[in-house]
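A structural walkthrough
Take a look at the letters that make up each chain.
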Amino acid sequence: MEKSQALFQEAVKYMPGGVNSPVRAFGNIGITPKFIERAEGAYLYDVEGGKYLDFICSWGPMILGHNQKDVLDSVVKACQNGLSFGAATEREVVMAKLITQMVPAVEMVRMVNSGTEAVMSAIRVARGYTKRKKIVKFAGCYHGHSDSMLISAGSGVMSSGVPDSAGVTEGCTKDTVSAVYNDLSGVKELFASMGEEIAAVIVEPVGANMGVVLPKKGFLEGLRELCTQYGSLLIFDEVITGFRLAAGGASEYFHITPDLLTFGKIIGAGMPVGAYGGRRDIMEMVAPAGPVYQAGTLSGNPVAMAAGITQLTILKEHPDIYVKLNQMGDDFYGSLKKMVQQAGAPCQVNHIGSLGCLFFTRNPVTDYESAKTSDTDKYADYFKYMLGHGVNLAPAQFEAMFLSAAHKKEELDRVLELVHKYLENKRFITS
C-alpha cells in the first residue's frame, strides 16, 4: 500500500472526508489524494518521493515559485523573534504602505487571516457605509465560505454539484442576490428594480472559481457605472487576480477603480493571510476608527507579514516578472488552445496572463451555465493521465491553472507534448 493511501485511510478517521478543505479529497476524480511532503521552485514532492510539475501553486500565491529563497529567509528571520504577539508591529505598517503603493484603488487597508474573512468584512463595511442591505454577486463566482456568499457559489461547491450549503439559513442569504456573470443587461434590471437597496456589487473581475472566465468587453465598466449611478459600492474580489495579473491586480490591468478590494494568500506568499481595503472614507468606517466592528488576534501576524513584504517588494521592484509571466501564459495557453482546435477535441481553453483553464466542453465558456456543460468525467480521466506523468493539476474541472516565475519553457513544452499524446490516445489526433 502506498504511503499516501495509508495516510488517507487514517485521515478519514479524524477529519471530515480525510481533509481540511474539500477539493483536496480528490472526490471528483475518484482516486486517493497524494500527500505532499515538500515543494521547491515549480515542483511538488509527495511522501512516496514522486515529483510533480505544479500548476496549482497553492491555489495561486506562489507566483515566484515554491520556497523562494528570499521569502524563506525572511520567514526564518521573523520566526527567531517570535511567532505571534497579538500587538502592533512595524511590519504591519510596512505592509499596509506597500499595498497602497502598489494598488492605487487602496487608500487604507486592514489585514485579516483569509480571503473568506476579507470578503465577509468588506461586505459588512459596504452595508455599514451605505446603510443598505442587498448584495449582488454572480453565479459561479466564489467569495469564500461565509454564510451570505454560499449562494450559486463556484469552486469546490460547484464541483460537488451542491450550489449551496447545508447549515446556511434563508435569513443569512435573503439579502444576497445572484446575477449572471457577463450579463450586464440583467444587472441593469436588478438595479432598476431595487437599486436603492443595493449596498454593493461583489465580483471576481476574472471569474476564476468556475474555471477561468474572462469578463466581456464593457462588463466591468458597466458595473462601475451602475454602482456610481445608484450610490452602491463596487467590490473587486481579487483573492485570485490580486498581484497576479499585474502589480496592481485586476484594477490596474482593466483600468477600473473599485470602491473596495479583497485579497488573499498571495500577500503572504502563501501563508494564511488576507486583506481588504479601498477608499479612505469607506475604510474609516472600520473599528476603532468607525462603527463597523471587525477584529482578529492573528491579523497582521509578524511571520506572515515578513513573507508577504518580501514577495510584494520583489514584484514591485521587478515589473519584468509580469511581462515574462504573462507572455509565458500567452505562449503556453495559446499553444494548448491551438492544439485542441486542430485536434477537433471537445475542449475550450480560456486564459488571461498566467491564469488558464482547459474545459471539456464544445461550448464557449462565458458564465456559470456554460461552464457547467463541461464533462467532469472526461476531466477526471485527463487529470489522472497527467498526474501519472508527473503533472499536478487542480483535482476538479472548475479551478484555474497557475503559472509561476519558476516555470521554464522546456517544462511547459513537455506538458504540451503530454497533452498531445493524450489527445492521440483518445483518437482526437491521428498520426
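**With respect to the environment of Asn67**
Counting through the fold element by element, Asn67 comes out in the loop between β3 (51-54) and α2 (69-79). In this structure Asn67 comes out as partly exposed when scored by relative accessible area, which is 36%. Remark: the alpha-carbon pair of Asn67 and Arg38, spanning 29 residues in sequence, is separated by 9.1 Å. With sequence-adjacent residues up to four places away left out, Asn67 is seen in contact with Ala39, Glu40 and Leu72. A distance of 3.1 Å separates polar atoms of two side chains, one belonging to Asn67 and the other to Glu40.

**As for the sheet that holds β3**
Judged by pairing direction, the sheet is mixed, and its four strands sit side by side in the order β1-β2-β3-β13 without closing on themselves. Of all the strands in the sheet, the pair left with one neighbour each is β1 (36-40) and β13 (391-392). Across three bridges, strand β2 (residues 43-46) lies against β3 in antiparallel orientation. Bridged to Tyr43 within β3 is Leu53. Sitting on the sheet, helix α15 (residues 409-425) is in contact with β2, β3 and β13, with an inclination near 100 degrees to β3.

**Focus: the side chain of Asp46**
Along the chain, Asp46 falls in strand β2. Despite being buried, Asp46 has no salt bridge partner; Lys34 is the closest side chain of opposite charge, sitting 4.2 Å away. Only 2.6 Å separates the side chain of Asp46 from the side chain of Tyr52, close enough to count as a polar contact. With near-sequence residues (within four places) excluded, Asp46 lies in contact with Lys34, Phe35, Ile36, Glu37 and Tyr52.

**Quick word on the sheet that holds strand β12 (residues 355-359)**
Here we have three strands laid out as an open sheet, ordered β11-β12-β14, and antiparallel in their pairing. The strands lining the two open edges of the sheet, one partner per strand, are β11 (348-352) and β14 (401-402). Bridge count between β11 and β12: five bridges; the pairing is antiparallel. Within the sheet, the bridge partner assigned to Gln348 lies in β12 and is Phe359. Lying over the sheet, helix α12 (residues 320-343) contacts β11, β12 and β14, oriented at roughly 165 degrees with respect to β11.

**Concerning the packing of aromatic side chains**
Scanning the entire structure with this criterion turns up 14 aromatic pairs. Ring geometry for Phe138 and Phe219: centres 5.5 Å apart, planes at 75 degrees, overall edge-to-face. A residue pair is termed long-range when its members are at least 10 positions apart, and Phe138 in strand β5 (residues 134-138) and Phe219 in helix α8 (residues 219-230) qualify at 81 residues. Note on Phe138: relative accessible area 0%, which makes it buried. The aromatic ring of Tyr45 is capped on one face by Arg38, whose charged end is 3.9 Å from the ring centroid. The ring of Tyr43 has Lys51 lying over it, and the distance from NZ or CZ to the ring centre is 4.4 Å.

**Focus on the packing of α12 against α15**
Contact pair α12 / α15: the axes reach a minimum separation of 11 Å and the direction vectors enclose 15 degrees. If you check the angle between α12 and α15, you find them roughly parallel. At the point where α12 passes α15, the crossing takes the right-handed sense. Residue-level inspection shows Met328, Phe332, Ser335, Leu336, Met339, Val340 and Ala343 of α12 in contact with α15, the latter providing Leu412, Val415, Leu416, Val419, His420 and Leu423. Across the contact of α12 with α15, the residue classes break down as eleven nonpolar, two polar and no charged.

About the cut-offs
Residues numbered from 1 in each chain as written. Predicted model: local features only at pLDDT ≥ 70, side-chain atom pairs only at ≥ 80, totals over all residues. Heavy atoms only, no water. Helix = DSSP H or I, 4+ residues; strand = E, 2+ residues; numbered from the N terminus. Buried < 20%, exposed > 50% of the residue type's maximum accessible area, 1.4 Å probe, protein only. Contact = heavy atoms within 4.5 Å. Polar contact = N/O pair within 3.5 Å; in protein donor to acceptor, adjacent residues only side chain to side chain. Pairing = 2+ DSSP bridges. Axes fitted to C-alpha atoms, helices over the stretch in contact; angles between N-to-C directions. Lys, Arg positive; Asp, Glu negative; His and termini not counted. Salt bridge = Lys/Arg side-chain N within 4 Å of Asp/Glu carboxyl O. Phe/Tyr/Trp six-rings, centres within 6.5 Å; stacked < 30°, edge-to-face > 60°. Lys NZ or Arg CZ within 6 Å of the ring centre and 35° of its normal. Parallel < 35°, antiparallel > 145°, perpendicular 65-115°, else oblique. Left-handed = near helix turned anticlockwise from the far one by under 90°. Nonpolar A, V, L, I, M, F, W, Y, C, P; charged D, E, K, R; others polar.

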